[in-house]
Amino acid sequence: MLSTSMTDMFGIDYPIMQSGFRYISRAPFVAAVANAGALGTLSAHTQPTGEALREEIHETRRLTERPFAVNLTLLPANIASYPYDDYVAVIISEGIGIVETSGAKPAAYIERLKKAGVKVIHKCTSVRHALSAEKYGADAVCVTGFESAGHPGEDDVPSLVLVPRVVDEVKIPVIASGGFADGRGLASALALGAVGVNMGTRFLVTQESPIHADAKAGLAAASERDTTLIARSLGDSVRVLKTPATEEVLELERAGADKTALFPLIAADVWHQALTSGRLADAPVPSGIALGLIHDVPTCKDLVQRMMAQTVATIDRLGNLKI
Ligand SMILES: Cc1cc2nc3c(=O)[nH]c(=O)nc-3n(C[C@H](O)[C@H](O)[C@H](O)COP(=O)(O)O)c2cc1C
């Protein structure tokens with residue numbers, strides 16, 4: 001155990017979260033994270049309907065008795081195409097205690113969730129968005145820096161600066177996200193004033209992550225120099241692995257391609273196909289700079305255990321410094 005306000009608030013053993021990934025965050029994987037003592041998160045918009053989300057929640061509960069969260073990714077492009085009202089109704093009726101919102105202001109849903117006693121973590125990429133989430137009533141913010149896989153925002157502020165900036169500005173607990181993959185990172189996040197870490201890329205490369213073994217091997221072999229940002233020309237940057245398909249997207253962006261031309265090459269279905277086929281070269285696959293710290297494919301349990309051992313060893317080492 002390592003107790004922080006994150007572990008107390010969510011009833012977990014360790015201050016480590018796997019936040020929602022579209023298509024990947026399904027029952028067996030989320031249950032493996034939860035059974036490891038960390039906070040697993042199901043992805044709502046992986047499910048086509050509220051009832052499908054209910055089934056996924058039941059399946060997760062069959063596999064774990066531990067708490068887990070549900071992610072609502074509120075990207076403007078998603079809002080019109082997914083049944084968010086139904087997701088929220090199912091979350092509440094199923095007694096889910098923790099929701100992670102991301103992608104846009106949680107204002108439209110937060111009041112309903114809070115009235116039902118759900119704890120809301122809002123994931124965001126800047127001080128101003130963290131302040132706004134606090135104002136809307138979020139219980140915690142997960143701040144994700146420039147290193148992050150997926151959407152790191154447009155401000156390009158790395159976690160080393162963003163996390164303490166947000167800690168200084170908000171009163172609610174701050175979970176550090178973007179670039180965290182081991183116990184040194186968790187110890188650093190705690191030193192910066194965060195209450196724990198969120199990890200995406202690290203959890204993507206685990207035994208239980210539902211992607212092809214070749215994709216896991218390819219990601220484990222990649223380095224911190226192997227990611228880049230696409231879709232910056234659309235004002236909605238996405239950090240992805242550098243692949244031939246990524247180069248093609250960047251080339252089109254340089255030539256002034258618009259959303260309609262780019263979308264078929266960067267859509268979630270395209271990267272998900274690359275991850276499940278193991279052919280990483282086929283798509284710009286969301287991945288973070290933390291790839292430089294990822295060299296193997298542990299079980300979620302082994303990952304969490306060794307991360308905690310390294311966190312404790314790091315804190316001890318710092319405690320032994322002669323001052
Ligand atoms: C393959 C993949 C898919 C993702 N999909 C989502 C998503 O649907 N919604 C979301 O809020 N974040 C998504 N993310 C971002 C992660 O939840 C997490 O915030 C991010 O990976 C943290 O940074 P890190 O990768 O440096 O640990 C995704 C990340 C990856 C690697």
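Residues numbered from 1 in each chain as written. Predicted model: local features only at pLDDT ≥ 70, side-chain atom pairs only at ≥ 80, totals over all residues.

1. Points about the environment of isoleucine 96
Link 1 in the chain: Among the secondary structure elements, isoleucine 96 is positioned in the loop between α5 (84–93) and β4 (98–102).
Link 2 in the chain: In the structure, isoleucine 96 is positioned 17 residues away from leucine 113 in sequence and 9.8 Å away in space, judged by C-alpha atoms. (Helix = DSSP H or I, 4+ residues; strand = E, 2+ residues; numbered from the N terminus.)

2. Describing the pairing of strand β2 (residues 40–43)
Link 1 in the chain: Every second residue of β2 is oriented toward a common face, with Gly40 and Leu42 on one face and Thr41 and Ser43 on the other, all of them buried.
Link 2 in the chain: Bridging between β2 and strand β3 (residues 68–73) involves 4 bridges; their strand directions are parallel. For serine 43, the partnering residue across the bridge sits in β3 and is asparagine 71.
Link 3 in the chain: Crossover β2 to β3 through helix α3 (residues 50–63) is right-handed. (Buried ≥ 20, exposed ≤ 12 C-beta atoms within 10 Å, placed from the backbone. Pairing = 2+ DSSP bridges. Right-handed = clockwise from strand over helix to strand, strands pointing away.)

3. Things to note about the domain arrangement of the chain
Link 1 in the chain: For the chain, the domain assignment lists domain 1 (5–209 + 298–319) and domain 2 (223–286).
Link 2 in the chain: Each of domain 1 and domain 2 has a C-alpha centre, and these two points are 24 Å apart.
Link 3 in the chain: Split by residue class, the side of domain 1 that touches domain 2 holds 3 nonpolar, 3 polar and 2 charged. (Domains from an automatic or database assignment. Nonpolar A, V, L, I, M, F, W, Y, C, P; charged D, E, K, R; others polar.)

4. Points about the packing of helix α12 (residues 244–254) against helix α13 (residues 259–266)
Link 1 in the chain: Where α12 contacts α13, the two axes come as close as 10 Å, and the packing angle between them is 175°. Between α12 and α13, the interaxial angle falls into the category roughly antiparallel. Note on element contacts: α13 touches α12 through Ala261, Leu262, Leu265 and Ile266, opposite Ala245, Glu248, Val249, Leu252 and Glu253. (Axes fitted to C-alpha atoms, helices over the stretch in contact; angles between N-to-C directions. Parallel < 35°, antiparallel > 145°, perpendicular 65-115°, else oblique. Contact = placed C-beta atoms within 7 Å.)

5. So, the environment of alanine 220
Link 1 in the chain: As for its placement among the helices and strands, alanine 220 is situated in helix α11 (residues 213–221).
Link 2 in the chain: Among all residues touching alanine 220, those that are not within four sequence positions of it are Val205, Ile294, His295, Asp296 and Val297.

6. Overview of helix α15 (residues 300–319)
Each α-helix winds once per 3.6 residues, and so residues spaced three or four apart point in a common direction.
Link 1 in the chain: Between its first and last C-alpha, α15 extends 28 Å over 20 residues, near the 28 Å set by a 1.5 Å rise per residue.
Link 2 in the chain: Listing the buried residues of α15 in full gives Cys300, Leu303, Val304, Met307, Met308 and Thr311. The arc that holds the buried residues of α15, viewed along the axis, is 125°, so those residues lie on one side. Relative to its buried face, α15 has exposed residues pointing more than 90 degrees away, namely Ala309, Asp316 and Arg317.
Link 3 in the chain: Here the buried face of α15 lies against β1 (16–17), α2 (27–35), α9 (183–191) and α10 (201–204). (Expected span 1.5 Å × (residues − 1). Arc of directions from axis to C-beta.)

7. Points about the site of the ligand
Link 1 in the chain: Taken together, 29 residues lie around the ligand, and Arg22, Ser102, Ala149, Gly200 and Gly288 are the ones closest in.
Link 2 in the chain: For the shell around the ligand, the secondary-structure elements that each account for two or more residues are β3 and α10.
Link 3 in the chain: Broken down by element, the shell around the ligand gets its largest block of residues, 3 residues, from α10.
Link 4 in the chain: When the residues that make up the shell around the ligand are grouped by side-chain class, the tally is 8 nonpolar, 17 polar and 4 charged. (Near = placed C-beta within 6 Å.)

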